[in-house]
Amino acid sequence: MFDITEKPIDVEAVRQKVVSRNAGAITLFIGTVRELTNGKKTVHLEYQAYPPMAVKMFEQIAKEIHEQWPEAKVAITHRVGHLAISDIAVVIAVSSPHRKMAYQANEYAIERMKQIVPIWKKEFWEDGSEWIGDQLENIPYPQGQPSIDKED
Amino acid sequence: MIHILLFAHLQEVVGESKLSVELSDITVDQLKAWLEKQYPQLSLQSIMVAINEEFATDTTMIQSGDTIAFIPPISGG
């Protein structure tokens, strides 16, 4: 259900993982590489992951989703390596009996991913490059580590 | 012997993605201080640490055979 891959992501393959006879809805989140960030033009991106721990953290997110929305089913694939503008970086699929749950659980998954899943992005511009950290602009981990407890 | 994994900019500062060092029975904090001494350009103050793929704190003890990953602020998605 959870994967880190160096190859282009097959969106339909991720969707297939959450297909269920009890589902009345599937939401798909597709994260793509944006050209302009705060007016600065990105030429390409490079993603790096700590794959075994990233998969563990995806499983942690699935556990949290299961506690909050027991009927939801989630699958996540994140790509690493060199990505061009408009390439797909991440796909999150959630199925559930009703659409509201599928929307909510899907948004929860991407927000948690940005907190606890060890994946990093390096932006390359025409005049340089930089590893990007902490997109949520939090004070970096006041407790020394991200909260693994379920958050509302 | 412990195994250290470095990611993102930390990898570039140290010039390696993996290190194996003959240390054990120290805290995360002590390991951070030791590494900063070995690599003076390295700053590990706001860097999270995972031991054997579980998040740890600065006071967690490191045992021989552990894999310690230094995890800079993440930016997936």
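Each value, and the rule that gives it
Residues numbered from 1 in each chain as written. Chains lettered and ligands numbered in written order. Predicted model: local features only at pLDDT ≥ 70, side-chain atom pairs only at ≥ 80, totals over all residues. UniProt positions renumbered as here; feature names shortened; annotations may be inferred. pLDDT = per-residue confidence, 0-100. Axes fitted to C-alpha atoms, helices over the stretch in contact; angles between N-to-C directions. Helix = DSSP H or I, 4+ residues; strand = E, 2+ residues; numbered from the N terminus. Parallel < 35°, antiparallel > 145°, perpendicular 65-115°, else oblique. Left-handed = near helix turned anticlockwise from the far one by under 90°. Contact = placed C-beta atoms within 7 Å.

The name an unreviewed UniProt entry gives chain B is Molybdopterin synthase sulfur carrier subunit, with Lysinibacillus macroides as the organism. The UniProt entry for chain B carries the following text under Sequence similarities (unreviewed entry): "Belongs to the MoaD family." Turning to chain B, the UniProt record has this under Function (unreviewed entry): "Involved in sulfur transfer in the conversion of molybdopterin precursor Z to molybdopterin."

The name an unreviewed UniProt entry gives chain A is Molybdopterin synthase catalytic subunit, with Lysinibacillus macroides as the organism. Under the UniProt heading Subunit (unreviewed entry), the note attached to chain A is "Heterotetramer of 2 MoaD subunits and 2 MoaE subunits. Also stable as homodimer. The enzyme changes between these two forms during catalysis." Chain A has a UniProt comment under Function (unreviewed entry) that states "Converts molybdopterin precursor Z into molybdopterin. This requires the incorporation of two sulfur atoms into precursor Z to generate a dithiolene group. The sulfur is provided by MoaD."

A.B. asks: Which residues make up the confidence of the model for chain B, and what are the values?
C.D. replies: Chain-level statistics for chain B give a pLDDT mean of 95 and a share of 100% at 70 or above. Confidence estimates for the predicted assembly give a pTM of 0.90 and an ipTM of 0.94.

A.B. asks: Any details on the packing of helix H2 (residues 51–68) of chain A against helix H3 (residues 99–116) of chain A? Residues and values, ideally.
C.D. replies: Residue and element names in this part refer to chain A. Put simply, H2 and H3 touch, their axes get as near as 10 Å, and they point 140° apart. With respect to their mutual orientation, H2 and H3 come out oblique. The element H2 and its partner H3 pack so that their crossing is right-handed. The segment H2 lies against H3, with Met57, Gln60, Ile61, Glu64 and Ile65 engaging Ala105, Tyr108, Ala109, Arg112, Met113 and Ile116.

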